[in-house]
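Chain by chain, the residues run as shown.
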Amino acid sequence: MSASTIELLPNHLGGQRHVGTGAGTTLLDPVLGDALVRVDATGLDLPGGFERVRRQGGAALRALTYRERAGLLKAVAQVLQAGRDAYFALSTANSGTVKNDSAVDIDGAIYTIGVYAKLGEALGDARVLADGEFVALAKGGAFGSRHVQVPTRGLALCINAFNFPSWGLWEKAAPALLSGVPVVVKPATATAWLTQRMVQDVIDAGVLPAGALNVVCGSSAGLLDALQPFDGLSFTGSADTAALLRRHPAVAERSVRINIEADSVNSALLMPGATPGSAAFELLVKEVAREMTQKSGQKCTAIRRVLVPEALYGAAAEAIGARLARVTVGNPRNESVRMGALVSRAQFDAVQAGIAQLQGVAETLHDGRGAALVDADPAVAACVAPVLLGSRDPDQHALLHTTEVFGPVATLMPYRDLDHARALVARGEGSLACSLYGEDDDAAADALAATALDLAAVHGRVHVVTPAVAALHTGHGNVMPQSLHGGPGRAGGGEELGGLRALNFHHRRAAVQAAPTVLSRLTPPTPPAA
Ligand code: NAP
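Here the structure is a predicted model, which means the values were calculated and not measured.

## Quick notes on the environment of Pro249
Among the structural elements, Pro249 can be located in helix H8 (residues 249-252). For the pair Pro249 and Leu224, spaced 25 residues apart in sequence, the C-alpha to C-alpha distance is 8.4 Å.

Next up, the structure:
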């Protein structure tokens, strides 16, 4: 098929549909290698389009109350629910994921929108948020100050990574829309199809004001140049791209607010006192195997480092390896396949290179790559089977703590005592998530709480798993909209989700100083709980 006969997906910006005038980039099926669709933004007037988004989309959204905007989110969720089967098909074709992994992306997005719809409903008929209480600035309180949060007058440019074309879109868009801020999404090119289709479906359904939701596919050229001082930039992707964006004049000179979710070398820690086969040991083994293989390890929150008491290194290697050995890899259309592909051949090469790099400083404890793929051609499919590495001397090699191989790969490490374990975890230089595995008794709970607080300084989220919550916990790598997503240091320093906390990014905080009679008319008296 010649490139020009492959469907070219339109962009949608400021209430207008635009078809790129260039040759575009062809999106591929990462399992079969087939050409799917093309994306292109050549010829798109970004400054003009962004201005329409601010004027039309922004003004229309801000005219509504939080409750009314929550209603819009409910309507969006209904549109997506209706298109769910088509989205699963697109996900299989363009991301190479098995059904359960597609569900993490698609159903996870619909759930997140639903949570924000409920939170918005609870905010009621207000158009601004209170921030703290009245503070007297004059004797007797005849003059004072109150803080308010008002929706920003700009737009939210949301640039996403390739691994979550659906969830990545909506976990950013839902809080922005609820805040009254229009969204321009720029999906990662490799998997842009699902994002583009969802946005197009919502636009076609007419459930949002014109210009409230927009999609630009293809090259990122010019996007940041078109940003103005009151816009926000919400980025998810690699640390390298994040560094470029931080230096861009929009951010460095025009003070565009930026949130960065970057890569992260997350860890799982089996607490001291565990024995082979103990409940905590088994919970860790199960979660590590799940995290390594869910979405073929292409989750920013996935477990990359596994820390166990040194006496358990061998037993843990064996138990995790045994679980990984049961994972069938190949074409997600075959029902027997548990793990599909990486998103592209480029990622396949990057993951193979990353494994080779880590093998230079680590031993190989399990390598599934020798097994035949199910229904897939190894010369074409971007499928990599799980690899468990290990290092008996994790203090020696910085690479183990700083290299994120974005695939089904993790490294097992022994620790001497809890201080040593915490020091090893902290060598990740700031991560998105850490999980702890212990028992339920009081002494264990004391140690888990103390360790969680210690590690909270270097993580956005600490996830504690004990036998009492074995069947209830939400998973190390699952990002719940109620909890904060983001992490300090190398993880980008960003904050997303966390319930209503996500609205902070899309509001401007200001102090109003006046007589109490004026201040009492600004907002409801107390800020809503997060
Ligand atoms: P990437 O290469 O940094 O790309 C991310 C996004 O940035 C893509 O949409 C890309 O567009 C765009 N982009 C690239 N250069 C740009 C520029 N100069 N200006 C504006 N936008 C630009 O990252 P990736 O390879 O897609 O994603 C994998 C990485 O993301 C992993 O390291 C993973 O850990 C991280 N990640 C983090 C999180 C988190 O929440 N912390 C979540 C998911 C993934 P094109 O695709 O068109 O190049």
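Now that the structure has been shown, the text picks up again.
## Section: the pairing of strand E11 (residues 232-236)
With five of its five residues buried, E11 lies for the most part within the structure. Going residue by residue along E11, you find Gly232, Ser234 and Thr236 tucked away on one face and Leu233 and Phe235 tucked away on the opposite face as well. The sheet contact formed by strand E8 (residues 156-159) and E11 spans four bridges and is parallel. Bridge pairing links Ala156 to Gly232 in E11. By the bridge criterion, five bridges tie E11 to strand E12 (residues 257-261) in an arrangement that is parallel.

## Looking at a nonpolar patch on the surface
A surface patch of nonpolar side chains, about 260 Å² in accessible area, is lined by Val135, Leu137 and Phe143. Position of Leu137 among the secondary structure elements: in the loop between strand E6 (129-136) and strand E7 (144-151). The exposure class assigned to Leu137 is partly exposed, which follows from its relative accessible area of 46%.

## Some remarks on the nonpolar core
Membership of the largest hydrophobic core comes to 59 residues, with the highest contact counts inside it found for Leu80 and Trp170. Broken down by element, this core gets its largest block of residues, nine residues, from helix H4 (residues 99-123). Of all hydrophobic cores here, the second largest spans 36 residues; its members include Val31, Ala376, Val409 and Leu418.

## Considerations on the pattern of salt bridges
Scanning the entire structure with this criterion turns up 19 salt bridges. We note a salt bridge from Glu51 to Arg55, for which the minimum N-O separation is 3.1 Å. Pair noted here: Glu51 and Arg55 are both in helix H1 (residues 46-62), with a separation of four residues, about one helical turn. Its relative accessible area of 30% is what places Glu51 among the partly exposed residues. On the accessibility criterion, Arg55 (61% relative accessible area) is exposed.

## Focus: the confidence of the model for the protein
Per-chain confidence: the protein averages 96 in pLDDT, with 98% of residues scoring 70 or above. For residues 525-530, every residue scores under 50 in pLDDT, and the model assigns this stretch 13 contacts once sequence neighbours within four places are set aside.

## Comments concerning the sheet that holds strand E14 (residues 303-309)
What the seven strands build is an open sheet, ordered E15-E16-E17-E14-E13-E18-E19; its pairing is mixed. The strands lining the two open edges of the sheet, one partner per strand, are strand E15 (363-367) and strand E19 (459-465). Neighbour to neighbour, the strand axes of the sheet diverge by 20 degrees on average, direction disregarded. Across four bridges, the pairing between E15 and strand E16 (residues 387-390) is antiparallel. The residue of E16 that forms the bridge with Glu363 is Gly390.

## A short note on unusual backbone geometry
For residues other than glycine, phi is negative in most cases, and the peptide bonds are mostly trans. The phi angle at Asp375 is positive, at roughly 60 degrees, despite the residue not being glycine. Structurally, Asp375 can be placed in the loop between E15 and E16. At Leu497, a residue that is not glycine, the phi angle is positive and equals roughly 55 degrees. Mapped onto the fold, Leu497 is located in strand E21 (residues 496-497). Residue class for Leu497 comes out buried when judged on its relative accessible area of 1%.

Calculation rules
Residues numbered from 1 in each chain as written. Predicted model: local features only at pLDDT ≥ 70, side-chain atom pairs only at ≥ 80, totals over all residues. Heavy atoms only, no water. Helix = DSSP H or I, 4+ residues; strand = E, 2+ residues; numbered from the N terminus. Buried < 20%, exposed > 50% of the residue type's maximum accessible area, 1.4 Å probe, protein only. Pairing = 2+ DSSP bridges. Patch = residues over 30% accessible without salt bridge, like charges linked within 9 Å, V, L, I, M, F, W, Y side chains within 5 Å. Areas by Shrake-Rupley, 256 points an atom, 1.4 Å probe, with all protein chains shown as cover. Salt bridge = Lys/Arg side-chain N within 4 Å of Asp/Glu carboxyl O. Core = buried A, V, L, I, M, F, W, Y, C linked by side-chain atoms within 4.5 Å. pLDDT = per-residue confidence, 0-100. Contact = heavy atoms within 4.5 Å. Axes fitted to C-alpha atoms, helices over the stretch in contact; angles between N-to-C directions.

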